[in-house]
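Examination of the molecular architecture
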Amino acid sequence: MCNSNVSHLPTKIAAKDHEKQFPDVLHESGGKLFCTPCNIVVEYKRKSSIEKHFTTAKHIKRMAEMSRLQTRQTTLTEAVAPRSVASTERMKVSWVATCTAVNIPLSKSDHPAMRRFLKEKVINGGAIPGFHQLQEMHVGAVYEKEK
Ligand SMILES: [Zn+2]
């Protein structure tokens, strides 16, 4: 009567039903059921094959990666997370590169107004060291790259 939109499908279970059952893991697209973290098509007509896929090493690994990614995003937005050395270094280098490109003397990094701006408005801005350290550590490296 009302369920005419699926009447042409011979199966009793539609991919959509599985999507509803595992909304974070499965999604339906074009009548096929996809495992979101693995990005592959899952056979959905038998429930056992979905459950079997959930137990594969690949799927478990992807699920772990996905939840780790979500946790990390939350941590970064919620708190002043301990910064990784790599991102701190990148921040310093891009700061020096930016100052160099727009002709801002690096000494302006020590200006109280600039400090406040960096600390309050720029993500990782507090990672930028004082002028002398910046000059010693990074000007050479940036010049090398720009050439
Ligand atoms: Zn999977």
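See above for the structure.
This one's a predicted model, so the numbers in the text were calculated from it and none came from an experiment.

Regarding the overall build of the protein
Helix and strand counts for the protein stand at 6 helices and 3 strands. The secondary structure elements of the protein, listed N-terminal to C-terminal, are α-β-β-β-α-α-α-α-α. In the protein, which comprises 147 residues, the proportion classed as buried is 12%. Long-range contacts, defined here as pairs at least 24 residues apart, represent 44% of the contacts in the protein between residues at least 6 apart.

Concerning the nonpolar core
One finds Ala-15, Val-25, Leu-26, Leu-33, Cys-35 and Tyr-44 forming the largest nonpolar core, which totals 6 residues. In this view, Val-25 contacts Cys-35, Thr-36 and Pro-37; residues no more than four positions away in its chain are not counted. Membership of the second largest hydrophobic core comes to 5 residues, among which are Trp-95, Val-96, Cys-99 and Ile-128.

The rules behind each value
- Residues numbered from 1 in each chain as written.
- Predicted model: local features only at pLDDT ≥ 70, side-chain atom pairs only at ≥ 80, totals over all residues.
- Helix = DSSP H or I, 4+ residues; strand = E, 2+ residues; numbered from the N terminus.
- Buried ≥ 20, exposed ≤ 12 C-beta atoms within 10 Å, placed from the backbone.
- Contact = placed C-beta atoms within 7 Å.
- Core = buried A, V, L, I, M, F, W, Y, C linked by C-beta atoms within 7 Å.

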